[in-house]
Amino acid sequence: MQIDLKIGRIGSEIDTTVIIGLFKEDRLEEGDSPVMESALRRYLREIQAMGDFKGDGGEVAVLYPRGLAPPGRVILVGLGKRDTFDLESVRRASGAAVKKAIKLGVTELSSAIHGLDVQGLLPEDCAQATVEGLLLGAYSYDDFKTDGADGSSLESLTVLIPRRAQSRDIRAGIEAGRITAAGTNLARDLSNAPGNALPPRKLAAAARKMAAQNGLKCRILTRKHIEKERMGALIAVNAGSEEPPRFIVLEYGEPSDGRDTLVFIGKGITFDSGGISIKPSGGMEEMKHDMSGAAAVIGAMRAISALKPAVHVVGLVPAAENMPDGRALKPGDVITTLSGKTIEVINTDAEGRLVLADALGFAERYNPAAVIDLATLTGACVVALGHAASGMMGNDEALQDRVRAAGEVAGERVWPLPLWKEYHDQIKSHVADVKNTGGRWGGALTAGAFLEKFAGRPWVHLDIAGTAYTDTARPYCPKGATGVGVRLLVQLVKDWKP
Ligand code: BES
Ligand code: MN
Ligand code: ZN
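Calculation notes
- As a convention, each chain's residues are numbered from 1 in the sequence order in which they are written.
- Lettering of chains starts at A and numbering of ligands starts at 1, both following the order in which they are written.
- This being a predicted model, a pLDDT of at least 70 is required before a residue's local features are given, and a value of 80 or more before pairs of side-chain atoms are given or counted; all residues contribute to the totals for chains, interfaces and linings.
- Excluding hydrogens and water, the side-chain values take into account all heavy atoms of the structure.
- Put simply, DSSP H or I for four residues or longer makes a helix, DSSP E for two residues or longer makes a strand, and each gets a number counted from the N terminus.
- Here the radius of gyration uses the C-alpha set of atoms, whereas the globule reference equals 2.2 Å times the residue count to the power 0.38.
- Here, residues are in contact when the closest pair of their heavy atoms is within 4.5 Å.
- To be clear on the numbers: accessible area is Shrake-Rupley with a 1.4 Å probe, and residue cover counts the displayed protein chains and nothing else.
- Charge counting follows a simple rule: Lys and Arg are positive, Asp and Glu are negative, and His as well as the terminal groups are ignored.
- Taken as the charge location is NZ of Lys, CZ of Arg, CG of Asp or CD of Glu.
- Domain delimitation in this document rests on an assignment produced automatically or drawn from a domain database.
- When two parts are brought into contact, each loses some accessible area as probed by a 1.4 Å sphere; the total of that loss over both is the buried area.
- By nonpolar core is meant a set of buried Ala, Val, Leu, Ile, Met, Phe, Trp, Tyr and Cys residues that side-chain atoms within 4.5 Å join together.
- The buried label applies to any residue whose accessible area, calculated with a 1.4 Å probe on protein chains only, is under 20% of its type's maximum; exposed applies above 50%, and partly exposed to all values in between.
- Counted as coordinating are nitrogen, oxygen and sulfur atoms within 2.8 Å of the metal, or 3.2 Å for Na, K and Ca, while water is not included, which may make sites look incomplete.
- Under this scheme a four-donor centre is tetrahedral when all angles range from 85 to 135 degrees, a four-donor centre is square planar and a six-donor centre octahedral when opposite donors are above 155 degrees with the rest from 65 to 115, and any other centre is irregular.
- What makes two strands pair is DSSP finding at least two bridges between them.
- The disulfide definition used here is simple: a pair of cysteine sulfur atoms within 2.5 Å.
- Here a residue is near a molecule or strand as soon as one of its heavy atoms is found within 4 Å of it.
- Identification of polar contacts relies on pairs of N or O atoms within 3.5 Å, with a donor-acceptor requirement for protein atoms, meaning one able to donate a hydrogen and the other able to accept it, and with residues adjacent in sequence counted only if both atoms are side-chain atoms.
- Note on residue categories: nonpolar means Ala, Val, Leu, Ile, Met, Phe, Trp, Tyr, Cys or Pro, charged means Asp, Glu, Lys or Arg, and polar means any other residue, Gly included.
- Stacked, tilted and edge-to-face pairs are distinguished by plane angle, under 30 degrees for stacked and over 60 for edge-to-face with tilted covering the rest, among Phe, Tyr and Trp rings (Trp via its six-membered ring) whose centres lie within 6.5 Å.
- Two conditions define a charge located above a ring, namely a distance within 6 Å from the ring centre to NZ of Lys or CZ of Arg, and an angle within 35 degrees of the ring normal.
- Should a side-chain nitrogen of Lys or Arg be within 4 Å of a carboxyl oxygen of Asp or Glu, the pair is scored as a salt bridge.
- Multiply 1.5 Å by the residue count of a helix minus one, and that product is the helix's expected span.

Q: For this particular structure, what's the right way to read the overall build of the protein?
A: Each helix and strand in the protein was counted, giving 14 helices and 20 strands. By the compact-globule yardstick of 23 Å for 498 residues, the protein fits well, its C-alpha radius of gyration being 24 Å. Each of the three principal axes of the protein carries a C-alpha extent, and together these read 80 × 50 × 40 Å. For the protein, contacts bridging at least 24 residues in sequence account for 76% of all contacts bridging at least 6. Of the roughly 21,000 Å² of accessible surface on the protein, 49% is carried by carbon and sulfur atoms. A gap of 2 Å separates the mean positions of the 60 positive and 62 negative side-chain charges of the protein.

Right, here's the structure in full:
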């Protein structure tokens, strides 16, 4: 969607719909203001005085000034208390307001930028978060809706700023918000796609198309190449599927000029039935989202291509479908990975770590300054952290600090989990170099320890099993895929200093 920037007092446009945020403790003062159109200000003062609108975070009210002020419709959104207000509050407020607008069938929408007068927040960041909230909140997945009922009515979006002085920074923020939201919504589309619509072959085609449209290099390895590269784990996980596997390589920039190379790896299981260690049927449909790590990497690569940072970024996706079949991988089988290390397969449902083992080995060819993998890897991680944060493990404190900081700014929280020797002990095998499960306890950590055996340094693993999709709508995300990881990776790249 096209987003325009308009400089002038908020609410001065006649007959449009405008989103305005109000803090809980703020009372609009009497008199004129350079920020908001005077009649509208007077009108909102009266509404505030009535006490119906409290300004709580996420609170939404629709007002019809009916000639008392220029806008035809005002969507008032609560910003909560000033002292707890942050960029995430901005996104939430924007998301709640835009959802209301879409419900009302609004076609032309304008919005104030939230938080511009809050100490410690940069105008550019407020603009970015406002736009992210609007575009992410407006998202719906309706590729398979034949009646078009759920689609958004929005045709134009205008962001309002009161003063020209800030317009350069704000324009940059709007652009950044547009780019990260587009990357995130692409990731959501890929993750929400049903398993039959997006097998590895189609996931690769989608990556190739994205790359062609955004000037990225793209190499797709088919079965023959995957076998030639000796990615025995990727072949094994896909062995029970009628669909062929793919290994996707996306590349932004060159390793020249002493630029650092960052490698992002996304788990790309387009459907995870569990294989021979088959999952219970209840909720199995959610396993179409088991390529959310891949979706995040593809979405982030798109955003990075638009932002043009001075780094070299490689995106890797091992893509497979995990199915039971006469030719499928079996418990007890031993497989050999790209690195030559062998794995005893105890449970074919612990397939993500297998395909990641090959990808982590492949990543080392780039001599990377950092490797980050994202994977819907374990139910145990959801038990540990719920849906509030992704689990973070790794072998380098400094990189973990960077990832954690990027997640904080981007509104995609991660939380550190340990990789102690005990977890490595749990995955010792009597017949191979390592086995793919570590027993009942500490499932997220034994999975992380398994990956550590195949990773170079520095490396970070993000277990996004609890954050990649949601079964209840959130302030700026409907039920289904969240697109988690895109904004974090983009923020990390933006802040990257060699
Ligand atoms: N894709 C699943 C993990 C998962 C579970 C993601 C729930 C999202 C929500 C993964 O492949 C898996 O099946 N993991 C097993 C590992 C076990 C067999 C050691 C798990 O977590 O149960
Ligand atoms: Mn599994
Ligand atoms: Zn899986």
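Q: When you look at the domain arrangement of the protein in this model, what are you seeing that I'm missing?
A: It is common to give the size of an interface as the accessible area that goes away when the parts come together. Domain boundaries assigned for the protein yield domain 1 (2–162) and domain 2 (184–495). Of note, the centres of domain 1 and domain 2, computed from C-alpha atoms alone, are 37 Å apart. The interface of domain 1 with domain 2 comprises 16 residues on the first partner and 17 residues on the second. The contact between domain 1 and domain 2 buries some 1,400 Å² in all, and 57% of this surface belongs to carbon and sulfur atoms.

Q: What am I meant to see in the nonpolar core here?
A: Generally speaking, soluble globular proteins have nonpolar side chains that are buried together. Counting residues in each nonpolar core, the largest one holds 56 residues, and the members touching the most others are Leu203, Phe264, Ile298, Ile372, Val403 and Leu462. Beyond its immediate sequence surroundings of up to four residues, Leu462 is in contact with Ile372, Asp373, Leu374, Ala375, Gly391, Met392, Val403, Val414 and Leu488. Within the second largest apolar cluster, 49 residues are counted, among which are Ile265, Val355, Val434 and Trp459.

Q: Sorry if this is basic, but what is going on with the coordination of the manganese ion (ligand 2) here?
A: For a metal bound by four donors in a tetrahedral arrangement, the ideal donor-metal-donor angle is 109.5 degrees, while six donors in an octahedral arrangement ideally sit at 90 or 180 degrees. For the manganese ion (ligand 2), the protein coordination sphere consists of Asp272 (OD), Asp349 (O), Asp349 (OD) and Glu351 (OE), at 2.0 to 2.2 Å. Geometry at the manganese ion (ligand 2) is irregular, judged from the 6 donor atoms that bind it and their angles of 72 to 168 degrees at the metal. Summarised as a motif, the one-chain spacing of the donors to the manganese ion (ligand 2) is D-x76-D-x1-E. Between the manganese ion (ligand 2) and the zinc ion (ligand 3) the interatomic distance amounts to 3.1 Å, and Asp272 serves as a bridging ligand to the pair. Linking Asp272 in strand β10 (residues 268–272) with Glu351 in the loop between β13 (342–344) and α9 (352–363), this pair joins segments that are 79 residues apart in sequence. Each of the two residues, Asp272 as well as Glu351, counts as buried.

Q: Would you mind showing me how to read the pairing of β10 here?
A: If a strand is regular, its side chains alternate between the two faces of the sheet. For β10, the buried fraction is high: 5 of the 5 residues fall into the buried class. In this structure, β10 lies alongside strand β11 (residues 312–322), joined through 4 bridges in parallel fashion. Counted as the bridge partner of Gly268 is Ala319 from β11.

Q: What exactly am I supposed to notice about the state of the cysteines here?
A: Summed over the entire model, instances satisfying the criterion amount to 0 disulfides. Here Cys477 is not cross-linked by a disulfide; its sulfur's nearest cysteine counterpart is in Cys381, at 18 Å.

Q: Explain the environment of Gly57 here, please?
A: One can find Gly57 in the loop between α1 (38–50) and β3 (60–63). A C-alpha to C-alpha distance of 4.7 Å links Gly57 and Leu79, two positions 22 residues apart in sequence. Residue contacts for Gly57: discarding those within four places in its chain leaves Gly78, Leu79 and Gly80.

Q: Got a minute to help me understand the coordination of the zinc ion (ligand 3) in this structure?
A: Each protein donor to the zinc ion (ligand 3) is listed here as Lys267 (NZ), Asp272 (OD), Asp290 (OD) and Glu351 (OE); together their distances run 2.0 to 2.4 Å. Taken together, the 6 donor atoms coordinating the zinc ion (ligand 3) and their angles of 78 to 176 degrees define a geometry best described as octahedral. Along the chain, the residues donating to the zinc ion (ligand 3) are arranged with the sequence spacing K-x4-D-x17-D-x60-E.

Q: Even after reading the chapter, I still don't get the site of ligand 1, so can you show me in this structure?
A: Asp272, Lys279, Asp349, Glu351 and Gly379 are the nearest of the 16 residues found near ligand 1. A distance of 3.4 Å separates a nitrogen atom of ligand 1 from a polar backbone atom of Leu377. At 2.7 Å from an oxygen atom of ligand 1 is found a main-chain nitrogen or oxygen belonging to Gly379. Burial of ligand 1 by the protein chains amounts to 77% of its free accessible area of 510 Å². For the shell around ligand 1, a count of residues per class yields 4 nonpolar, 5 polar and 7 charged.

Q: It is not clear to me how the packing of aromatic side chains should be interpreted in this structure. Could you clarify?
A: Between two aromatic rings, the relevant description is the distance of the centres plus the angle of the planes. Applying the stated rule across the entire model yields 6 aromatic pairs. Relative to Phe144, the ring of Tyr141 has its centre 6.4 Å away and its plane inclined at 50 degrees; by these criteria the two rings are tilted. Of the aromatic side chains, those joined through ring pairs into one cluster are Phe247, Phe362 and Tyr366. The side chain of Arg82 reaches across the aromatic face of Phe23, ending 4.3 Å from its centre. The positively charged end of Lys341 is found above the aromatic ring belonging to Phe454, 5.6 Å away from the centroid.

Q: Hey, could you run me through the pattern of salt bridges in this one?
A: Side chains that differ in charge, positive against negative, can pair when their charged atoms come close. This model, assessed by the stated rule, comprises 21 salt bridges. Ionic pairing is found between Lys279 and Asp349, a salt bridge with its closest N-O pair at 2.9 Å. Note that Lys279 is positioned in the loop between β10 and α8 (292–307) and Asp349 in the loop between β13 and α9, a separation of 70 residues in sequence. A residue is classified by how much of its surface remains accessible, and Asp349, at 22% relative accessible area, is partly exposed.

Q: Help me understand helix α3 (residues 123–137) in this model?
A: Side chains three or four residues apart in an α-helix point the same way, a direct result of the helix having 3.6 residues per turn. Taking 1.5 Å per residue, 15 residues should reach 21 Å; α3 reaches 21 Å between its end C-alpha atoms and fits that length. The buried fraction of α3 is high, at 13 of 15 residues.

Q: What is the right way to look at the pairing of strand β18 (residues 459–463) in this model?
A: The element β18 is extensively covered by neighbouring structure, given that 5 of its 5 residues are classed as buried. The alternating pattern of β18 places Trp459, His461 and Asp463 and Val460 and Leu462 on opposite faces, both of which are buried. As judged from the 5 bridges shared by strand β14 (residues 370–375) and β18, these two strands associate in the parallel manner. By the bridge assignment, Val371 is partnered in β18 with Trp459. For strand β15 (residues 390–394) and β18, the ladder comprises 4 bridges, and the chain directions are antiparallel. Paired with Gly394 across the bridge in β18 is Val460.

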